[in-house]
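Given next are the chains, with one letter for each unit.
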Amino acid sequence: MIKITLERVSPQQRDTLFRMLQYSLFEESLTDLNEMNDEALFEYPWFDLYFTEADREACFIREADSRKLLGFAMINTHVQKSEKGHSIAEFMVIPKYRGRGIGKRAAMACFDKYGGRWEVTPSFGSRAAREFWKQVIDQYTGENNTPTDGTFCFFRRNRHDTQ
């Protein structure tokens, strides 16, 4: 089993995160109807805010020993279904590393970072994303979560070992 770690993305690493986000948005465009602009980029108006606002955090998912880049997560406090909490805004594991439990462990590590209420809205129209998040959140919460209008809502419980 690959041991993982979450590493906060520094301003010096923003170009790497942007390229990974572009790949993720491209992949999601199959179901969410996002369009590229005339510069062949998917627009993401909140990207720069992850480097200037305290209520947003971007993390790389890395293999713990080699520090190999496996994916990323973008977390913020812009929830839709409750007064306050945290949300997974974007999340991706590089396809080569999917199906190995890396995404599950990384998601749980994200949830463990912050207490309180969480919301996760899977990529629009993606059955695979919805199923992934349902399985992860059901396991994390012991099936104690409330899907509301396509968003999973739950409270963080005891910490998990992300290894």
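Structural data are supplied above this passage.
Residues numbered from 1 in each chain as written. Predicted model: local features only at pLDDT ≥ 70, side-chain atom pairs only at ≥ 80, totals over all residues. Heavy atoms only, no water.

This brings us to the sheet that holds strand β6 (residues 146-148). Judged by pairing direction, the sheet is mixed, and its 7 strands sit side by side in the order β1-β2-β3-β4-β5-β7-β6 without closing on themselves. Where the open sheet ends on each side, the last strands, each with one partner, are β1 (4-8) and β6. This sheet shows a mean twist of 30 degrees between the axes of neighbouring strands, independent of strand direction. Direction of pairing for β1 relative to strand β2 (residues 56-63): antiparallel, over a ladder of 5 bridges. Counterpart to Glu7 in the pairing with β2 is Phe60. (Pairing = 2+ DSSP bridges. Helix = DSSP H or I, 4+ residues; strand = E, 2+ residues; numbered from the N terminus. Axes fitted to C-alpha atoms, helices over the stretch in contact; angles between N-to-C directions.)

Now for the packing of aromatic side chains. The tally for this structure, following the rule as stated, stands at 11 aromatic pairs. Their ring planes at 70 degrees and their centres at 5.0 Å tell us that Phe91 and Trp133 sit as a pair that is edge-to-face. Taken as a pair, Phe91 in strand β4 (residues 86-93) and Trp133 in helix α3 (residues 127-141) lie far apart in primary sequence, 42 residues in all. Each member of the pair, Phe91 as well as Trp133, carries the same accessibility label: buried. (Phe/Tyr/Trp six-rings, centres within 6.5 Å; stacked < 30°, edge-to-face > 60°. Buried < 20%, exposed > 50% of the residue type's maximum accessible area, 1.4 Å probe, protein only.)

On to the pattern of salt bridges. Inspection of every chain in the model, using the stated rule, returns 9 salt bridges. With a shortest N-O distance of 2.5 Å, Arg67 and Glu7 are connected by a salt bridge. Linking Arg67 in the loop between β2 and β3 (69-76) with Glu7 in strand β1, this pair joins segments that are 60 residues apart in sequence. The partly exposed category is assigned to Arg67, whose relative accessible area is 43%. The closest approach of N and O atoms between Asp149 and Lys81, which form a salt bridge, is 3.4 Å. One end of the pair, Asp149, is in the loop between β6 and β7 (151-155); the other, Lys81, is in the loop between β3 and β4, with 68 residues separating them in the sequence. Residue Lys81 is classed as partly exposed on the basis of its relative accessible area of 36%. A single network of salt bridges, built from pairs that share partners, joins Glu7, Arg62 and Arg67. (Salt bridge = Lys/Arg side-chain N within 4 Å of Asp/Glu carboxyl O.)

Closest axis-to-axis distance for the helix α2 (residues 102-113)/α3 pair is 10 Å, and the angle between their directions is 55 degrees. One finds that α2 runs oblique with respect to α3. Here the hand of the crossing between α2 and α3 comes out right-handed. Together, Gly103, Lys104, Ala107, Met108, Phe111 and Asp112 of α2 and Phe132, Trp133, Val136, Ile137, Gln139 and Tyr140 of α3 make up the contact between the two elements. For the contact of α2 with α3, the per-class residue count stands at 8 nonpolar, 2 polar and 2 charged. (Parallel < 35°, antiparallel > 145°, perpendicular 65-115°, else oblique. Left-handed = near helix turned anticlockwise from the far one by under 90°. Contact = heavy atoms within 4.5 Å. Nonpolar A, V, L, I, M, F, W, Y, C, P; charged D, E, K, R; others polar.)

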